Amino acid sequence: MNKDNNIIIYGSGVRCRRAIEAINLLNWSIECIVDSNSKKWGNIVCGYEVVSPAILEKMKYAPIVIAIADSTQVAEVREKLQQEYNYDIQNEITFTKLLDLMYLECMDMEQNLSRTTNDRKENSVLFECSDGLVLGGIEAWTQRVVEEIISAGCNNTYIISPEGEYDVPITLRNHMIYYKHSSNEYYDRNMIRDVTNKIVGNMPCTIITSHADSLLYIASLIKKRYPGKIKIISVIHGGTYNICDAYLEKDRYIDKYIGVSEDIRAILIQRGVSKERVAHMTCPVKCDLNLTRKYSKSHEPLKIGYAGRIVRKQKRADLIIKFIAELEKRRINYILEIAGDGEY
């Protein structure tokens, strides 16, 4: 790709903002943002105007990044750009390719990889916990699994997490690897370099990821360079096609998948992953075949529970406030119990 050409971004949502951050870190220029939703035309996103895709008819050779969250719609968008606007799709930079280029630019690969030596033979096991050790399902699972592994005698097992103030159990305090992270930016050059340094410093290693985010991308690029020094096991905790597709972007580097349900395993196999590479760890809960639901009784309050991280991203904790307002508006007698913590 010619970096002198300004980039066009298709889509004006959250992923658009991620694309803008990545492009800025690459020191490339952005021409504009296009979106098929006419209601968004004229909006300003991070200083760039959202315009009609019709502009592509005059810029069919300009590089474009399709930045939409729903992976199942990307092929449909490509077809639309070609058929309706005569755009040369050969000039597309996929969102994954954009991130790869950005991570490579920030990783300072040569400097970090030059530190690795061949005399270290003991394998480290690194469990990714990219949201920090907050009170949440994935985080609690990670802590429990690491504690069990350490108690079994595998002392070279660690949790790799962003810096923060956490209530870390005594059993894990010597098994934490912290990296720098800026709360103001999704992609942070210093964080990327620090994570790279931490992974390289613990090679050879096996990395267990629970999110398809920065650590997975960084580990994949290191593995591309040194395939014999790192293995990647991805644990998939969510069963949507979008979540599974996000992991499959790095399928060539992932050695093993573990789904938390048989449905996740089925999705991955349907997507082309061999059965031998996919396991599942279903934890069934016994319950009655037919449940009698009693949402409200006149003599006692409706009991409502929320368990999870109290964050807007992913968990949409902001909706709890609207939910409470609706309960109050309807004068419903209720008790709401929340188990979790977070910055929201």
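Up top is the structure.
Bear in mind that the values here come from a model prediction, so they are computed numbers and not experimental data.

Draft legend 1. How the structure looks around helix H6 (residues 189-201). Taking 1.5 Å of rise per residue, 13 residues should cover 18 Å, and H6 covers 18 Å from first to last C-alpha, within 8% of that figure. Among the residues of H6, those classed as buried are Met191, Ile192, Asp194, Val195, Thr196, Ile199 and Val200.

Draft legend 2. Region of interest: the packing of helix H1 (residues 14-25) against helix H3 (residues 95-107). The contact between H1 and H3 brings their axes to 9 Å, and the two run at 40 degrees. One finds that H1 runs oblique with respect to H3. Of the two possible hands of crossing, H1 and H3 adopt the one that is left-handed. Of the residues in H3, those in contact with Arg15, Arg18, Ala19, Ala22, Ile23 and Leu25 of H1 are Phe95, Leu98, Leu99, Met102, Glu105 and Cys106. Residues belonging to the contact of H1 with H3 are distributed by class as follows: 9 nonpolar, no polar and 3 charged.

Draft legend 3. Local environment of the sheet that holds strand E9 (residues 205-209). Spatially, E8-E7-E6-E9-E10-E11-E12 is the arrangement adopted by the 7 strands of the open sheet, whose pairing is parallel. In the strand order of this sheet, the two ends are held by strand E8 (176-179) and strand E12 (278-280), each with one partner. For this sheet the average axis-to-axis angle between neighbouring strands, irrespective of direction, equals 25 degrees. Across 3 bridges, strand E11 (residues 256-259) lies against E12 in parallel orientation. The residue bridging isoleucine 258 from the neighbouring strand is alanine 279, located in E12.

Calculation rules
- Within any chain, residue numbers begin from 1 and follow the written order of that chain's sequence.
- Local features are withheld for residues below a pLDDT of 70 in this predicted model, meaning they are given only at 70 or higher, and side-chain atom pairs are given and counted only at 80 or more; totals for whole chains, interfaces and linings count all residues.
- With hydrogens and water set aside, each side-chain value is computed from the structure's full complement of heavy atoms.
- Only runs of H or I of at least four residues qualify as helices and only runs of E of at least two qualify as strands under DSSP, and these elements are numbered from the N terminus.
- The length a helix should cover is 1.5 Å for every residue beyond the first.
- Per-residue accessibility, obtained with a 1.4 Å probe over protein chains only, is compared with the maximum for each type, and a residue is labelled buried under 20%, exposed over 50%, and partly exposed between these values.
- Axis angles are defined between N-to-C directions and span 0 to 180 degrees, where every axis is a line fitted to C-alpha atoms and, for a helix, only to the segment in contact.
- Here is the rule for angles: anything less than 35 degrees is roughly parallel, anything more than 145 is roughly antiparallel, 65 through 115 is roughly perpendicular, and the remaining ranges are oblique.
- Handedness of a helix crossing follows the sense of rotation of the near helix relative to the far helix, less than a right angle counterclockwise being left-handed and clockwise being right-handed.
- Pairs of residues are marked as contacts when any of their non-hydrogen atoms sit within 4.5 Å.
- In this classification, Asp, Glu, Lys and Arg are treated as charged, Ala, Val, Leu, Ile, Met, Phe, Trp, Tyr, Cys and Pro as nonpolar, and every other residue, Gly included, as polar.
- At least two DSSP bridges between two strands are needed for those strands to be called paired.

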